[in-house]
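# Observations on the model geometry
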Protein chains: 2
Amino acid sequence: MDARDALRISREAAKRVQKAILPLPLKKRAEIYGFGKSGITKFVDKVAEDAALEVLLKEKLRVLSEECGYVGEGDVFVALDPLDGTFNAVKGIPFFSVSLCFSNSEKFRDTFFAYVYNLATNEEFFADEEAFKNGEKIKVGEKEDLSEMDAIYYYPKKEMPFKRIRIFGSAALETCLVAEGAFDCFIDVRGMLRIFDVSAGIYIAEKAGAIAVDEKGNPLGEKKFEISERLNVVLSNKLAIKKLLEMVL
Amino acid sequence: MDARDALRISREAAKRVQKAILPLPLKKRAEIYGFGKSGITKFVDKVAEDAALEVLLKEKLRVLSEECGYVGEGDVFVALDPLDGTFNAVKGIPFFSVSLCFSNSEKFRDTFFAYVYNLATNEEFFADEEAFKNGEKIKVGEKEDLSEMDAIYYYPKKEMPFKRIRIFGSAALETCLVAEGAFDCFIDVRGMLRIFDVSAGIYIAEKAGAIAVDEKGNPLGEKKFEISERLNVVLSNKLAIKKLLEMVL
């Protein structure tokens, strides 16, 4: 399987998820379906996962998904978030996505393709060796001065030096906003991010020129596609990353 | 002029603004047009204002607009934000709106109609004596416990007790999210909000059952439709407002 296959599969999965969830009324989306591997599963999560797996399990893939853990068999590992931004999807806020990260091993560092799709707006981000939004190459911003930066930060514990802070509630899309240079950094050091929340967006941002490290400045390549894996992420351009790490401490 | 006239005028203005700005490429939207009454005017701000005024100045209205100050003559005052969430509009993030607040005097307390329209998603909020979203009556949430609350907060200066914090970058729409109960509170105590940013959303939220006060707990009715007027806003349901004020201090 190569990046071209992964793109085809990702697109098919995204369209399938979109078709399944958009017609659902908000109240129906919000119903509690049960308890998945990583917490409460809302009805919309379940529908999204079923739709994505319907596509993915026809392929030779070992899929780690938010709600059900590992399913399928194959040499290629996929970290799937069938619906990132469930809260937004339930509230009708147009900021929720499908996210897929394809790796040749169970480690993030062997990723060769990543895909994020905004289900409400049809914006498509992906990366193989380069990063794209709606088919056009993207790259990260170049700001070095924190006071000029537009930041996404979960959650500031003290006053922060940025020009703007935004928190949209979908890490997959927010990391892509950094990839395309719309925002200058993404910071989440709560120890709560999961591998399927952010691996695709981080890979896309890296291929767009960003640096992604944990709160201590360590690279994230050794992170595994596992339900229990937790990530802290500081994501920005090369120039700003050191200042951000000093600030986060 | 009554609320029915105000609704008709608002809808016409919103459609006119939408038609003018949505076709603009993001790069064109972002160009700096000049310096308006309240800071830098981007091209998209100018286009939005021209489009709104084209509609509003055919009516007997005294319009206070973000970019140009007071224009027009009439007994009814309108606080107009032709484009709230300019940053989002420029970045392609689907969270930006037109906002209009109609008052029988130059004070907020004589407001009789308010209108907020998400230009990217076509969601329509308005209030006369009651508050509506897309034609259906809305009301604020009923949560009292801060740790259960979904909050919009510009910007936390210390760790906060909420379940979620979000910052979307359009006060007009965010106050409407509180009005419809999607979020539990909106807090901005930076001393930076302007009357045209939030008066419409606050009126809609109040008519949906919310309480809006400044950071000291004072009501906002005496606020004037003036470019120089600045607001601090703590907006939530009746049960939570006192706890929020204690927290903000």
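Residues numbered from 1 in each chain as written. Chains lettered and ligands numbered in written order. Predicted model: local features only at pLDDT ≥ 70, side-chain atom pairs only at ≥ 80, totals over all residues. Heavy atoms only, no water.

### Some details on the UniProt feature "binding site: Mg(2+)" (unreviewed entry) in chain A
All names here are of chain A. Selection criterion: UniProt positions are given in the numbering used here, feature names are shortened, and annotations may be inferred rather than shown by experiment. The secondary structure listing takes helices from DSSP runs of H or I that are at least 4 residues long and strands from runs of E that are at least 2 residues long, numbered from the N terminus. Note on exposure labels: buried denotes an accessible area under 20% of the residue type's maximum, exposed denotes more than 50%, and partly exposed covers the range between, all computed with a 1.4 Å probe on protein chains only. We call two residues contacting when some pair of their heavy atoms lies within 4.5 Å.
Following the UniProt record, one finds the feature "binding site: Mg(2+)" (unreviewed entry) at E66, D81, L83, D84 and D197. Maximum C-alpha separation among the annotated residues is 9.6 Å over a sequence range of 132 residues, consistent with a single clustered spot. One can find L83 in strand 5 (residues 76-84). Residue classification places L83 among the buried residues on the basis of a relative accessible area of 2%. Setting aside anything within four residues of it in sequence, one finds L83 in contact with I21, V44, D45, A48, E66, A89, F96, S97 and L119.

### Things to note about the sheet that holds strand 9 (residues 131-133) of chain B
Residue and element names in this part refer to chain B. As a reminder of what qualifies: Pairing between strands requires that DSSP locate at least two bridges from one strand to the other. Orientation is described by axes fitted as lines to C-alpha atoms, over the contacting stretch for helices, and by angles from 0 to 180 degrees between their N-to-C directions.
In space, the 8 strands of this open sheet follow the order 4-3-5-6-7-8-9-10, with mixed pairing throughout. Two strands bound the open sheet, and with one partner strand each, they are strand 4 (69-71) and strand 10 (136-137). As judged from the 6 bridges shared by strand 5 (residues 76-84) and strand 6 (residues 97-103), these two strands associate in the antiparallel manner. Across the sheet, residue L80 finds its bridge partner in strand 6, namely L100. Taken strand by strand, helix 1 (residues 3-21) contacts strand 3 (61-65), strand 5, strand 6, strand 7 (111-118) and strand 8 (124-127), and its axis lies near 25 degrees from that of strand 7.

### Observations concerning the packing of aromatic side chains
Stated formally: Any two rings among Phe, Tyr and Trp, with Trp reduced to its six-membered ring, count as a pair given centres within 6.5 Å; such a pair is stacked if its planes are under 30 degrees apart, edge-to-face if over 60, and tilted if neither. Charge over a ring is defined by NZ of Lys or CZ of Arg lying within 6 Å of the ring centre and within 35 degrees of the ring normal.
Counted according to the given criterion, the structure contains 26 aromatic pairs over all chains. Residues A:F126 and A:F132 carry aromatic rings whose centres are separated by 5.4 Å and whose planes lie at 35 degrees to one another, so their mutual orientation is tilted. Exposure remark for A:F126: the relative accessible area of 9% places this residue in the buried category. The interplanar angle of 5 degrees and the centroid separation of 6.3 Å between the aromatic rings of B:Y115 and B:Y117 together place this pair among those described as stacked. Here B:Y115 matches B:Y117 in class, with each residue buried. Through pairs of rings, three or more aromatic residues link up here, namely A:F87, A:F95, A:F168, A:F183, B:F87, B:F95, B:F168 and B:F183. Positioned above the aromatic ring of B:F43, the side-chain terminus of B:K28 is 4.6 Å from the ring centre.

### Some thoughts on the pattern of salt bridges
What counts, and what does not: Salt-bridge detection follows one rule: a side-chain nitrogen of Lys or Arg within 4 Å of a carboxyl oxygen of Asp or Glu.
Per the counting criterion, the structure on display carries 42 salt bridges over all chains. A single salt-bridge network, built from bridges that share partners, covers A:K143, A:D150, A:R164 and A:D184.

### A look at the relation of the copies chain B and chain A
Applicable threshold: The copies were overlaid by least squares, fitting only the C-alpha atoms of residues that reach a pLDDT of 70 or more in each copy.
Of the transformation placing chain B onto chain A, the axial shift is 0.0 Å and the rotation is 180 degrees, giving an RMSD of 0.0 Å. Such a turn and shift between the copies fits a two-fold axis. Comparing interface residues between copies, 100% of those in chain B also sit at the interface in chain A, which points to an isologous, same-surface contact.

### Looking at the environment of B:V98
Among the structural elements, B:V98 can be located in strand 6. Sequence separation between B:V98 and B:G85 is 13 residues, and the spatial gap between their C-alpha atoms is 9.1 Å.

### Concerning the confidence of the model for chain A
Here is the rule: The pLDDT value tells you how sure the predictor is about a given residue, anywhere from 0 up to 100.
Looking at chain A as a whole, its pLDDT mean stands at 95, while 100% of the residues score no less than 70. Here the predicted complex scores 0.96 on pTM and 0.94 on ipTM.

### A short note on the sheet that holds strand 14 (residues 211-213) of chain A
Residue and element names in this part refer to chain A. One open sheet holds the 5 strands; their spatial order is 12-11-13-15-14, and the pairing between them is mixed. Every other strand in the sheet has two partners, leaving strand 12 (164-166) and strand 14 as the edge strands with one partner each. Going from strand to strand, the sheet's axes swing by 20 degrees on average, the running direction of each strand aside. In terms of strand pairing, strand 13 (residues 185-194) meets strand 15 (residues 230-236) through 6 bridges, oriented antiparallel. Counted as the bridge partner of D188 is V233 from strand 15. Contacting strand 13, strand 14 and strand 15, helix 6 (residues 195-207) runs over the sheet at an angle of about 155 degrees to strand 13. On top of the sheet, helix 7 (residues 241-248) reaches strand 11 (150-154), strand 13, strand 14 and strand 15; it is set at about 130 degrees to strand 15, its chief contact.

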